[in-house]
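Architecture at a glance
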Amino acid sequence: MIIIKRIVFFVVSTLIISLFVWWGFDGFEMFTKIYPPSELVDPKTGRVVIETRGTFTLGLDLVLVISIGISALGFIVINFFKIWYAKRELL
């Protein structure tokens, strides 16, 4: 059981640390920024050009929500294995 707890802790910790590293590479923004593709109008011809380059910048708000979700999932997995091993010992 201790091995499973350590494996779950290692996986959860690795995912959360990698999220914070990704947040750092995106520029330590406080809030997530999403820029959808935009339409540009050429003033001379009146032609509409769609700029397809949308950008996504990870913010601390999204990092914290995802980290809490991953932690909760790890907690659920550990408790599942506790119950599963307790039922196996009773048999």
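Residues numbered from 1 in each chain as written. Predicted model: local features only at pLDDT ≥ 70, side-chain atom pairs only at ≥ 80, totals over all residues. Heavy atoms only, no water.

Looking at the protein as a whole, its pLDDT mean stands at 90, while 99% of the residues score no less than 70. Mean pLDDT across the secondary structure elements of the protein bottoms out at strand β3 (residues 48-51), with 79, and peaks at helix α1 (residues 2-25), with 96. (pLDDT = per-residue confidence, 0-100. Helix = DSSP H or I, 4+ residues; strand = E, 2+ residues; numbered from the N terminus.)

Time to look at α1. In a regular helix each residue adds 1.5 Å, so 24 residues correspond to 34 Å; α1 covers 34 Å between its end C-alpha atoms and thus fits that length. Within α1, burial applies to Ile4, Val8, Val12, Ile16, Leu19 and Trp23. Against α2 (60-90) lie the buried residues of α1. Positioned one or two residues after α1, glycine 27 has a phi angle of 110 degrees, which is positive. (Expected span 1.5 Å × (residues − 1). Buried < 20%, exposed > 50% of the residue type's maximum accessible area, 1.4 Å probe, protein only. Contact = heavy atoms within 4.5 Å.)

For the rest of this paragraph, the subject is the side chain of threonine 57. Mapped onto the secondary structure, threonine 57 falls in strand β4 (residues 55-57). Threonine 57 gets classed as buried once you look at its relative accessible area, which sits at 17%. Not counting the four nearest positions on each side in its chain, threonine 57 is found in contact with Asp26, Glu29, Thr32 and Lys33.

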